[in-house]
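Chain by chain, the residues:
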Amino acid sequence: MMYRNLAAAVADLEKTGQLVRIAEPVDPHLEIGVIQRRAYERKAPALLFTNVKGTPFPMLANLFGTMERTRFLFRSTLRTVETLFRLKADPPAALRDALRHPLRYGRLPFSLLAALPKKVASGPVTANRTQLSSLPQLVSWPEDGGPYVTLPQVYTEHPARPGFFQSNLGMYRVQLAGRGYAKDKEAGLHYQIHRGIGPHHAEALARGIDLPVVVSVGGPPALALAALFPLPENLPEICLAGILAGHRIPMATNAGPLPVPAECDFAIVGRVRGKHTAPEGPFGDHMGYYSLEHDFPVLTVDAVYHRPGAVWPFTTVGRPPQEDTVFGEFIHDLTADLVPNVFASVKEVHAVDAAGVHPLLLAVGRERYVPFAGERQPQELITGGLNLLGATQTSLAKYVLMAAAEDDPALTARDIPAFFGHMLSRTDFSRDLHYITRTTMDTLDYTGISLNQGSKLLWAAAGGAKRTLATETPAGMTLPAGFGGLALFAPGILVCSGPAHGLPVDTQDPVMERLAACLTEQAGRLAGIGLVVVADDAAFTGGSWNNFLWVTFTRSDPATDLYGVNARTVCKHWACDAPLIIDARLKAYQAPPLVMDAAVEKRVDAMGAKGGALYGLV
């Protein structure tokens, strides 16, 4: 089915038993966020809350809560989208396939037509007006700075080249109220520095004009997915939305200077005025920590519209996996074949969700340079890794670990334990670690030296095995005072606890230097160990791969927090012997992790108990 709007999707899910209506009163302040996260964890149906405190509008949770439901929502157009990506990735193979199976390609002309948005004079969304304070005031975590729109579709056009084909549709968080905003007149617009809206805002500033903005919520599910898609800057997401929806997206022209998705449920129409900013945040984010309060652009609100029977879809984020994990996996499945086409020398990439997506990128590349050399070493891999760090959303990666496909044709970046084993057994730590310091970082990552600034590590390994990984904790090891709990987490990986961190930003810790010196003195006992991770709680960190990845890569900055046995700098190249040491303690200057309010958790427990309104769902 090709959904024209959210109401059609809701009706279809309800008819097929994939949506449950909840008439019990629920509070959008913390309570509904706990419900949504638990529903996702239980793989529950989508939940439509029809009695939400403080708002006349129903709220829809868990719409994209499972891969099966997401595929169901796009089942009518999924094959066409996959075909288009296949054509882009490998045109000769796609042509051969078309000759063998012409019916598979019969809808392509219609899909290309669907990519063209169409202007209409008006639409259902502009039928009614409301105000910001009447919208659902969703607060997901206790320290959030205010209510947020968590599935916004933010539409802008390039001021110098207006129109659909230089537009951007992105999912940038929108804060509906807070100490920095005039009630019902202003909202916060948080966008990260690499996002497509950035060039539009920069051009408006250069011209000395306001930047018109439309924040739509709801509408066909294709709008939300397109807003998340990592398209190049010159490919408009609104066109992809049409392909995903299976029809041209109607854009109403009667709401202001920009067209508005006519079938969406809500539209906040406004403008960003020059460099006007206000404190935005904190916000419990997808890495499992709070994004702290910072100045971000203010959206001056001119009007808030909604369609008859409007429904407010939402999600919440936090330590992964969460509902946004499904988006990531779905997009990965659609675009996996494009990777070699976009990134030369790269066969596969995996942005690791358990580590917050952007902090850790695993990749399998090709190593074909100087094939006549005796001992192969990373060369083409480094070129491929720098390519990943220089384009699209992979440029946000903090740690990029690259292995050579030639060393193990069966290796995949999706098998994380096997990938780490492959890397640790083959890495020459005196040669294979390449740092980029004081560079642009993900806005949401607080491990660097300042907002938007930190370091990156390209770790590439190629050639034969250099060590057999240990499968037991080395006997007779001693650690400096303050360290303890040394245990083997996985082959070649040790985890231990360290003393609490209390140093300022951009400082290496003498305590960690003492640990590195201690391990250097005992290097003979460390044969087969490639990595030592120091955490606040070794037992928690070593409790699972998800815990290990989250702690290790969301709490460390490569330049600041990496140490090693016999560390040295040779011709400005930092080197060490095995093992490499990562300081993954939570630093004094980093953002705090997310912790839920116990009283709210208890209320939701009661709702989910036998006889409760959410029994079997949370």
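Residues numbered from 1 in each chain as written. Predicted model: local features only at pLDDT ≥ 70, side-chain atom pairs only at ≥ 80, totals over all residues. Heavy atoms only, no water.

1. Structural notes on the domain arrangement of the chain
Along its sequence, the chain is carved into domain 1 (6–75 + 106–314) and domain 2 (323–461). The gap between the C-alpha centroids of domain 1 and domain 2 is 31 Å. Between domain 1 and domain 2, the residue contacts involve 31 residues of the former and 24 residues of the latter. Taking both partners together, domain 1 and domain 2 bury about 2,500 Å²; carbon and sulfur atoms supply 71% of that area. Our enumeration of links across domain 1 and domain 2 arrives at one salt bridge. (Domains from an automatic or database assignment. Contact = heavy atoms within 4.5 Å. Buried area = accessible area lost by both parts, 1.4 Å probe. Salt bridge = Lys/Arg side-chain N within 4 Å of Asp/Glu carboxyl O.)

2. Describing the side chain of Asp-432
Within the secondary structure, Asp-432 sits in the loop between helix H13 (416–426) and strand E22 (433–440). A distance of 2.8 Å separates a polar side-chain atom of Asp-432 from the backbone nitrogen of Asp-428. Within the structure, the side chain of Asp-432 is placed 2.7 Å from the side chain of Arg-431, a separation counted as a polar contact. Those residues within four positions of Asp-432 in sequence are excluded, and the remaining contacts are Pro-378, Arg-426, Thr-427, Leu-458, Trp-459, Ala-460 and Ala-461. (Helix = DSSP H or I, 4+ residues; strand = E, 2+ residues; numbered from the N terminus. Polar contact = N/O pair within 3.5 Å; in protein donor to acceptor, adjacent residues only side chain to side chain.)

3. Regarding the sheet that holds strand E25 (residues 493–497)
Reading across from one edge, E24-E25-E26-E28-E27 is the order of the five strands in this open sheet, with mixed pairing throughout. Where the open sheet ends on each side, the last strands, each with one partner, are strand E24 (484–490) and strand E27 (562–570). Ignoring which end each strand starts from, the neighbouring axes of this sheet average 25° apart. In terms of strand pairing, E24 meets E25 through four bridges, oriented antiparallel. By the bridge assignment, Leu-488 is partnered in E25 with Leu-494. Where helix H16 (residues 545–554) meets the sheet, it contacts E24, E25, strand E26 (531–535) and strand E28 (573–583), and its direction lies at approximately 80° from that of E26. (Pairing = 2+ DSSP bridges. Axes fitted to C-alpha atoms, helices over the stretch in contact; angles between N-to-C directions.)

4. A closer look at the packing of aromatic side chains
Applying the stated rule across the entire model yields 16 aromatic pairs. On the numbers, 4.5 Å between centres and 15° between planes, the contact of Phe-489 with Phe-548 is stacked. Of the two residues, Phe-489 is situated in strand E24 and Phe-548 in helix H16; the sequence distance between them amounts to 59 residues. We classify Phe-489 as buried; its relative accessible area is 16%. Among the residues examined, Phe-548 registers a relative accessible area of 0% and is labelled buried. Its guanidinium or amino end placed over the ring of Phe-72, Arg-75 lies 3.8 Å from that ring's centre, counting from NZ or CZ. A cation sits over an aromatic face here: Lys-119 above Phe-164, 5.9 Å from the ring centre. (Phe/Tyr/Trp six-rings, centres within 6.5 Å; stacked < 30°, edge-to-face > 60°. Buried < 20%, exposed > 50% of the residue type's maximum accessible area, 1.4 Å probe, protein only. Lys NZ or Arg CZ within 6 Å of the ring centre and 35° of its normal.)

5. Section: the UniProt feature "domain: 3-octaprenyl-4-hydroxybenzoate carboxy-lyase-like N-terminal" (unreviewed entry) in the chain
According to UniProt, the feature "domain: 3-octaprenyl-4-hydroxybenzoate carboxy-lyase-like N-terminal" (unreviewed entry) maps to residues 11–86 in the numbering used here. Between the C-alpha atoms that bound residues 11–86 there is a distance of 32 Å. The span itself is 42% helix and 14% strand. (UniProt positions renumbered as here; feature names shortened; annotations may be inferred.)

6. What about helix H14 (residues 510–521)?
Helix length check: H14, at twelve residues, gives a terminal C-alpha distance of 17 Å against a target of 16 Å (1.5 Å per residue), a fit within 8%. Three or more residues of H14 are buried, namely Val-511, Met-512, Leu-515, Ala-516, Cys-518 and Leu-519. Looking straight down H14, one finds that the buried residues subtend no more than 160° of arc, so they occupy a single side. Its buried side turned inward, H14 meets E26, E27 and E28. If you check the start of H14, you find a side-chain oxygen 2.9 Å away from the backbone N of Val-511, and it comes from Asp-509. (Expected span 1.5 Å × (residues − 1). Arc of directions from axis to C-beta.)

7. Quick word on the nonpolar core
Generally speaking, soluble globular proteins have nonpolar side chains that are buried together. Of all hydrophobic cores here, the largest spans 56 residues; its most connected members are Leu-60 and Ile-238. Of all the elements, helix H9 (residues 237–245) adds the most residues to this core, at seven residues. Inspection of this core shows a minimum of three residues originating in each of domain 1 (6–75 + 106–314) and domain 2 (323–461). The contacts of Ile-238, once residues within four sequence positions are left out, are Pro-117, Tyr-155, Phe-164, Ser-167, Leu-169, Leu-223, Ile-249 and Met-251. Among the nonpolar cores identified, the runner-up in size contains 51 residues, and Val-34, Ala-39, Tyr-191 and Val-217 belong to it. (Core = buried A, V, L, I, M, F, W, Y, C linked by side-chain atoms within 4.5 Å.)

8. Looking at the packing of helix H8 (residues 221–228) against H9
How two helices pack is summed up by the angle between their axes together with the distance between the axes. Where H8 meets H9, the axes come as close as 8 Å, and the angle between the chain directions of the two elements is 135°. The orientation of H8 with respect to H9, classified from their angle, is oblique. Considering the relative orientation of H8 and H9, their crossing is right-handed. Counted together, Ala-222, Leu-223, Leu-225 and Ala-226 of H8 and Glu-237, Ile-238, Leu-240, Ala-241, Leu-244 and Ala-245 of H9 form the full contact between these two elements. (Parallel < 35°, antiparallel > 145°, perpendicular 65-115°, else oblique. Left-handed = near helix turned anticlockwise from the far one by under 90°.)

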